[in-house]
Structures are given as structure tokens and as C-alpha cells.
2 protein chains.
Amino acid sequence: MGKTKMGKTKTTEIERLSQDELKKILKDTRQKLALQQQLIKEQKLPVVVLIEGWSAAGKGTLISYLIRDLDPRFFQVTPTMPPTSEELRRPFLCRHAERIPEAGKFVFFDSGWLEETVFDAVDGKLDEMSLAHRLQEINVFERQLTDNGYLVLKIFVDVTAEDQAARIEKLRKDKDTAWRVNERDLDELKHREKYAEIFNHCIRETNTDKAPWHVVDGSQKGLIELQVCGLLVDGIETAIARNQQPVEIPQNQFPLKSNPRLADVDLNCSVTREEYEQRLKEAQKKLKKLHNKLYRRGIPVIIAYEGWDAAGKGGNIKRMTGALDARGFTVHPISAPDTYEKNRFFLWRFWKRLPKTGHIAIFDRTWYGRVMVERLEGFCSENDWKRAYNEINEFEKMLTDWGAIVIKFWIHIDKDTQLARFTERQNTPEKQWKITDEDWRNREKWDVYEQAVDEMIAKTGTEYAPWHIIPSNDKLYARLQTIEIVINAIESALAK
Amino acid sequence: MGKTKMGKTKTTEIERLSQDELKKILKDTRQKLALQQQLIKEQKLPVVVLIEGWSAAGKGTLISYLIRDLDPRFFQVTPTMPPTSEELRRPFLCRHAERIPEAGKFVFFDSGWLEETVFDAVDGKLDEMSLAHRLQEINVFERQLTDNGYLVLKIFVDVTAEDQAARIEKLRKDKDTAWRVNERDLDELKHREKYAEIFNHCIRETNTDKAPWHVVDGSQKGLIELQVCGLLVDGIETAIARNQQPVEIPQNQFPLKSNPRLADVDLNCSVTREEYEQRLKEAQKKLKKLHNKLYRRGIPVIIAYEGWDAAGKGGNIKRMTGALDARGFTVHPISAPDTYEKNRFFLWRFWKRLPKTGHIAIFDRTWYGRVMVERLEGFCSENDWKRAYNEINEFEKMLTDWGAIVIKFWIHIDKDTQLARFTERQNTPEKQWKITDEDWRNREKWDVYEQAVDEMIAKTGTEYAPWHIIPSNDKLYARLQTIEIVINAIESALAK
């Protein structure tokens, strides 16, 4: 590795070409890329192109070049600014993850999670442990994308210190471009060795098989365009071939808690109306106070509700939120994904709904749809749902590492109770809207659902994000259970 | 109007009731509200509840009360924070408009556009003219919502100065709630008369037939809940009845430019390839420079492309963006709305795609779909599309008043040219994906489309956001035309 450049770039072969030869190859490659658009659309391949590099290395120019022959309907360029105060109140990867493309489209990230991480490290916002942890999260994020069919192409545009200095100087001299040079650019120049060291470290640590880095030499115009065009063309071909194969299902590596099987849960629990009213009132008062404390401490809470139809999720959530200041929580009802959601990685719509620090997000049905309805109705492949246990465990690990309290409820009833409630809904005019043909159809599949739920709870009941099976034949009992579990979880988090 | 309260509240009748009578009425009203949820869902009524009022007047508590019996799947509470620096780079109403509910749901705004306006006026950010202008924009926004089937219920929670002071004091004393009291709250107390004057003025100026204000007395617990519940119940009934009737179509009140009918446009314009290449290169160079200037001056640009299928929109846009720094523009391909978009006011998805100051947004098909495809395919009612000309003129007026340059292109070809291009696409393997059965079906309707386009251009070709009909039988000619029009428009905006 040279002293000034980031690393050895692979231009040697190409460098020997004459200008004319170069032009011809470039033209061919560009044509190939333009033609691949149709392929990408047909194969529904989503393409993430991350362009990182030294400031003023020509990232913007490179992107402009890459997109010139692409149909504007199929790509987006997304510049990465320093995070806003709102964005800082969500997990680091959130704002990047929100911008991934849908199937059949490109997104070009004009720098992204690498740059943000390096800047944070240089600025002393990340100690060694936090940096290592963040790089690991990046690897998980990129691997989840590639496992879910994304092409993730990562380019680092390298220029020498002299070159960078000259480019920045040129920008500053022209009054129309002078505004582009900011403090950070000058800081990069001044402390170039330090930046180089951290860039190198981060690139090394996130250089994975599925999403490797390509360091390209930005100093010779023409060469870099050719290289990156070629990388894109190859990457697309490789990804399409790869997506024909099932992805390996990893072994579990998270600490699991044991839970009873649904069939073994005692459903004969109940409380009297008097006890219920008294305990609920007390619990709501307590929760309200805790909500204020959470807010002050900036701790986010994520409460996930799953359960049988008519188990009483809605009423249960209502008692939970009855205690809360409406400004500090959101209930997210989750039904079948809309088209724009279906066209992205299945966790994407949940990334978009994460709470801010100090806020509570309640999910009425959740990402567990992947291993229940999507599995059983065939909305995803077997490989997809089998992989999802691990993806979900990773997702929830990221949330708890961020500082969130994650609580998951399975609201449980038996088959007879469901029938009684369905029948009552059917016979009560004000409740008829709550029952649909689909509910009856799902009921017929009770046994396969039960098996899937048992598997789900066994495989995702982690210590950091445990499942709670809540007997709800008596709804009043269930409401007390859930609110008291939430209170306990918050109290122990606050005690830390 | 009293000296300390905002205005006379309508509680006199209710105030005479005994506590027991009050409780009974309240219970009945709440039950009615809970039952109305089904109605709202069936009728697909979207409900905006704007809760404004003095700080510490109990807005949050009121909202918590209102939602207690509502199914959390059907409402959202959205607190309004001071605008972020990102939000300040979009039109004032943007961040509020983005949060309107979809059909069949409630959104409770915990203060919103009134408070933001009043604070801006108090802080001296709005002079008399700008304030008047903003209030007018609010009226247009609310009227567009109600015309499009929304219930807009506006509540102002009034408390006396003494009461407000006491409430703030109570919050400050408790360490769990002290953080809730901010500078603004104290400022309101200190300059209460000034705030009252501006609140009063704004309420008066935005007190319209379709979205009137309801000032309610927040000082007596129980009464306010009853009043607001009652207002909601009445409002929902009224809105559902109102939505059975067509909305009046307003006369045009915007300055129109005259444009030729499509049939009268000369399509025999062309350039040589040499002239094209030379002029395009010059134009792109110029546009690139202007883009930098726009950025520095913070002027947003909105370029709307409409035109016949195969007229050459895509290639035209590509030449426009070929000149631009990819970080400063976005191309928005617009196709049929997704479900979550269809469930909201038709301009909503364009509000969401407005550029930031200094950025360029290019729309490949636009909001004009309302008066073309939606009109001709019956995707909206006759009343809807007839009203849309005015709604669009208002929308674009708001954009240009904000400072945007709005340029609209109709890319025009004749029927024979379209046929030739369709046939070529069909016969060229790499281009087949560009042509669909729908294109052929649309072609059969050429004449009715032409009539609709003539009407559209006549009714929305305003002076502030003019239409340009671009002959595109020769695509090269068309590309030069559009880029040169954009350059001229930017140059004259910069000269102002």
C-alpha cells in the first residue's frame, strides 16, 4: 500500500491501453450497462451502489457519468448529509436503510455509512469498542441485503493527497463552486494520515465476500469511469446468477430463553372485575410516570403484539395506551404490505416505523408475519422464512444494542374461545366489521399456525428480546399481565 | 370577548348541568364516537383534528381522552415540533400536509399550522403582508382538504392567564414533568396579551365555513371533553352528509396565458445532428453553471414533463440531467398511485416529492394525471377532475410564491410518429420492455386525450407556471427547446 493512496488499485492492465482503445471499451461497457436495465427490471434486482471516497475525489462526477445512460425512472441518487437531530434519535443505520431501492431499481449513495462512521471515529464520537460494534452492524446490514437479493456494490474513490489538495483549491477559486468546500474537506486535507488510517481500518473490517470493497483510482479521468462501469456490469451479472441459488441458513448464535409450547400454557387464569379495575388503575398511573422518565432518559420502547385473531390484542393495546401521553407513543397497525413495501427487504417497513429515543412504538402485528402468514400462505420462499429467524434476531439485537427495550407478546386463547368470540362478533351489529371471511379461513388452519408459532417462539425468544405468552381467555387477566410486564421491563431498564 | 380568555365559549348550557347529568351525557357521546368508527371506515372519511391552544392548556390530556375508545388502528397522534432545518427548506405547509390521514382514519394534530404561524408572527419572522399571505394559504389548504372529502375539525383550547400560570407552575414543580416546560411556554405567559392578539387575528382570518374554529374553555375538566366529543360526533355526521353532494366548481381567478391548440402546433421543426450536438453541449455547460447559482441562492426548480407515449420524454429528461450534479436533482417517475397514495388527497404524493430550496425536481408525468388519465379512465368523479384545474393552479401558485421556478412541458408528436416509434420498439429486442398493451390501448383514445390536453393547457397555463408545447417529431429539436427554455427561466429568475 502506497504512502499517499489508500491502496493498490487494479488499473495496471487498463493503464497500458491507448486512448482510442480505452474509448472503445468504455463505449461497449456503457452500452452493456444500458442494456442491463431491462434485465434488472425483469429480474427485479435491487441495486445499491455505495460511492465513498476522499472529499473532492470526484464522487459526484462519477455518479453523473454512471447515470447518464440510465433511464431516470429506474434510479435515484441520494446524497448523504450529516445526520439531523431527528436522525440522531434513531439507530445509526436507520436513515441509510430507509433509502434502499425497491426491486428493479438502482440507488446511488453519494457516500453513506462508511463516511459517517469514519467521521464519527475521527471526531472521537466512537471509542474502539463502539467502532468495532458499528462495523459489525454494517456487515450484518449488508449481508441481510445481499441475502435478500440485493446487489451491494461498494466503491472507494481514492486520490493522492496532492491531487485532493489541488481539486479543493480549484473548487475554492471559482465563486460558483466555492460554497462546496466545507470545514470537513479542509480537515481531511490537514489530517489526511489520520483519516487514511481510519478509512483503511473500516474498509478492511467491512470487506466481506458478499459485499466487497473496490478501491479505484480517481486521479485518471476515463479510467475510473471504465472501471466502475465494468464493476457494475459484472456485479449485476453475478447477482442475478447468485439469486438463482438458495442462501445458506445460518445456525443460531443468540442466547435463547426456553418457553412453553402453546399447548402447554395454562389458560385458566382470571381476575375479578374489581381486582382488575383496581390493579389496572394503579398500573396505568405507574406507567404514565415511567413514560415521563423514559422520555427524560431517552430510552426507546418497542412493544410487539402477536396473537390469535380475536385474542383481544386491540383492547389490550387500548389499556396500555390509555395511560400514555399521546405525544409520546405511536401504534402501528400492520397488515399486508403495500406494493412499495413488498418491493423491498421485509424488515424495511419496520425500520421506517422505529420510535425515536424516549418514545414508545406499539406494533399491532409485526415483522413476525414473515414466519407466520408469509410462510404459511407461500408469500415468501422456504429459504426466505427459514432465514428470517436469524434476520429477526439480528434486527432485535441491533435495537436492544441501540438502547431500546423490546417486549414481545403472544396473546393466547384456545380454539373454543375464538369460536365464541367470532360468533359474538358476527351477531353484534357494531362488531361485524371486526370479522372477515379471512378470519374464518385462518381459523381452519389453526393447527399449522400453532406449529409455526411454537417454532417462532422457540427460535426468536432471545434473552434480550423475550417472548411473553399471555393467557387471554380472560381478557382482563391478559391486560393486567401485559401492562405489568411492560412496567417491570421499564423499571429494570431504568435501574441500570 | 373577555380580557383574559380568547373568546366566548359555548359552555353556558352545559355549565348548568349537574355532575351526574354531565357524566351520563359524556358516556353517551363517547359511545357514539366509538360507534362512528365503523361509519368512518365504511364511508372512507378522513378526519383531521387540529388541537391548538395555549401552552399547558391541556391539549395532550384532551387528545388522550378523545382517543381512549378509538381503535388504535384507525388513528394517529402527531405532535408538532419547531420545524427542523430540513423542513425550513420546503414550503411552510409541506410538513403539515405530509401528515394528513388516509381515507377512513383520524389524525390528531397536537397543535400545527396555527401555532407555527402565530409563533413566527410573534418572533417577527412574518411581516403583515407575509402573515396575510400565509393565512390565505392555510385557507386554501383546508378548503382543498374539505373539498376532497376531509373533515377538518379545528379546536382552540382556551384558558385564562391565571390558569395557564398555575398549570405551568405545577409542571415545573414535579421533576418528572419539569422538562416539559420550555422557553416558549414562559414567553407566552410573559407576553400573553401579544400572543392573544395574534392568536385572535389568525383564528378570525382562518375561520371559514368549511373549516370553522371552535374555541373551547379548557379550565373546567369534564366540560371540555364533552364539548369536543360532541363536536367530533357532529362533525363526522355533517361531513358524511356533505360528501354525498358535489362540490361547487370555482371560476378561474388566475392569470392565464394563451396557448395554441395541439392541432395548430407546427411539428415540422428540426435541427441537424451537428447543430444539435454543438448547441446541446453549450446548453448543458450553461445549465451546469446555473445549477450552482441556484443552489447558492436557494431557489428550487420544478420541471413537469407530460406528453404523448413515445414522444421522447425519457431521452429529453436524460439530456437535461446529463448536465446536472447528481446531488442536486431528483427525477420522479410518476405512475399509477400506490394504495396508500390513492387513499389520500391526490396532490399529497406530490407534496411529498417537492424539492428542497436550491434543488431541482423533475417529474416524468405529474399531478396532471388527474385531468387526463384519471378523468378519461373514470378513476375520479367528474366533480373531482373539474375541480382539479383550480386546485392545481392553487398548488402551483403556492410553489411559485414560495420562490420556486415551475416549468411545464407538453412533449408533442403526431399520431403517425407515435405509430412509427411504437412499431420500432416492438421490433427491437432491447426496446420491447418500453412498450406495453396499455400504450396501444391509450393510442386508440388519441382524440379524447387530445381534447382533454387542450382543455388542460387552456385552464392551467398560468403566467406564473406556463405550459410549453414542444414539437418532438424531431427529438433532437425537442431536447434543445426544453433545455433552452429551462435556461431562460432560470436566468430570468436569477436576474430578479
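This text follows the structure it describes.
What you are looking at is a predicted structure, and each value in this text was computed from that prediction instead of being measured.

Each value, and the rule that gives it
- Residues numbered from 1 in each chain as written.
- Chains lettered and ligands numbered in written order.
- Predicted model: local features only at pLDDT ≥ 70, side-chain atom pairs only at ≥ 80, totals over all residues.
- Heavy atoms only, no water.
- Helix = DSSP H or I, 4+ residues; strand = E, 2+ residues; numbered from the N terminus.
- Buried < 20%, exposed > 50% of the residue type's maximum accessible area, 1.4 Å probe, protein only.
- Contact = heavy atoms within 4.5 Å.
- Salt bridge = Lys/Arg side-chain N within 4 Å of Asp/Glu carboxyl O.
- Axes fitted to C-alpha atoms, helices over the stretch in contact; angles between N-to-C directions.
- Parallel < 35°, antiparallel > 145°, perpendicular 65-115°, else oblique.
- Left-handed = near helix turned anticlockwise from the far one by under 90°.
- Buried area = accessible area lost by both parts, 1.4 Å probe.
- Polar contact = N/O pair within 3.5 Å; in protein donor to acceptor, adjacent residues only side chain to side chain.
- Nonpolar A, V, L, I, M, F, W, Y, C, P; charged D, E, K, R; others polar.
- Least-squares fit on C-alpha atoms with pLDDT ≥ 70 in both.

(A) Summary view of the side chain of D120 of chain B. Residue and element names in this part refer to chain B. With respect to the secondary-structure elements, D120 resides in helix α5 (residues 113-122). Its relative accessible area of 13% is what places D120 among the buried residues. Excluding anything up to four places from it in sequence, D120 contacts K125, L126 and R134.

(B) A look at the pattern of salt bridges. Applying the stated rule across the entire model yields 72 salt bridges over all chains. Here E394 of chain A ties to R143 of chain A by a salt bridge, and the two come within 2.8 Å at their closest N and O atoms. Here the residue E394 of chain A occupies a position in helix α16 (residues 382-402), and R143 of chain A occupies one in helix α6 (residues 128-147), the gap between them amounting to 251 residues. Of the charged contacts in the structure, one is a salt bridge between E455 of chain B and K459 of chain B, with a shortest N-O distance of 2.8 Å. You can see E455 of chain B and its partner K459 of chain B sitting in helix α19 (residues 446-460), 4 residues apart, about one turn around the helix.

(C) Quick look at the packing of helix α16 (residues 382-402) of chain B against α19 of chain B. Residue and element names in this part refer to chain B. Running from N to C, α16 and α19 cross one another at 40°; their axes reach a closest spacing of 10 Å. Classified by the angle their axes make, α16 and α19 are oblique. As α16 packs across α19, the resulting crossing turns out to be right-handed. Here W385, Y389, I392, N393 and E396 of α16 come into contact with α19, specifically with E455, M456, K459 and T460.

(D) Structural detail: the interface of chain A and chain B. Taken together, the contact between chain A and chain B spans 47 residues of the former and 48 residues of the latter. Summed over both sides, the interface of chain A with chain B buries roughly 4800 Å², with 58% coming from carbon and sulfur. Our count for the chain A to chain B interface comes out at 6 salt bridges. Between D110 of chain A and R327 of chain B there is a salt bridge whose closest N-O contact spans 3.1 Å. Linking chain A to chain B there are 11 residue pairs in polar contact (both at pLDDT 80 or more). Contributing elements (two or more residues each) for the side of chain A that touches chain B: α2 (19-42), α3 (59-67), β2 (75-79), α11 (273-297), α12 (313-321), β7 (329-333) and α13 (339-342) of chain A. For the side of chain A that touches chain B, a count of residues per class yields 19 nonpolar, 10 polar and 18 charged.

(E) Geometry of the relation of the copies chain A and chain B. When chain A is brought onto chain B, the operation consists of a screw motion whose angular component is 180° and whose axial shift is 0.0 Å, with 0.0 Å RMSD remaining. As the rotation angle and translation indicate, the two copies are arranged about a two-fold axis. Interface residue correspondence from chain A to chain B reaches 100%, placing this contact among same-surface, isologous pairings.

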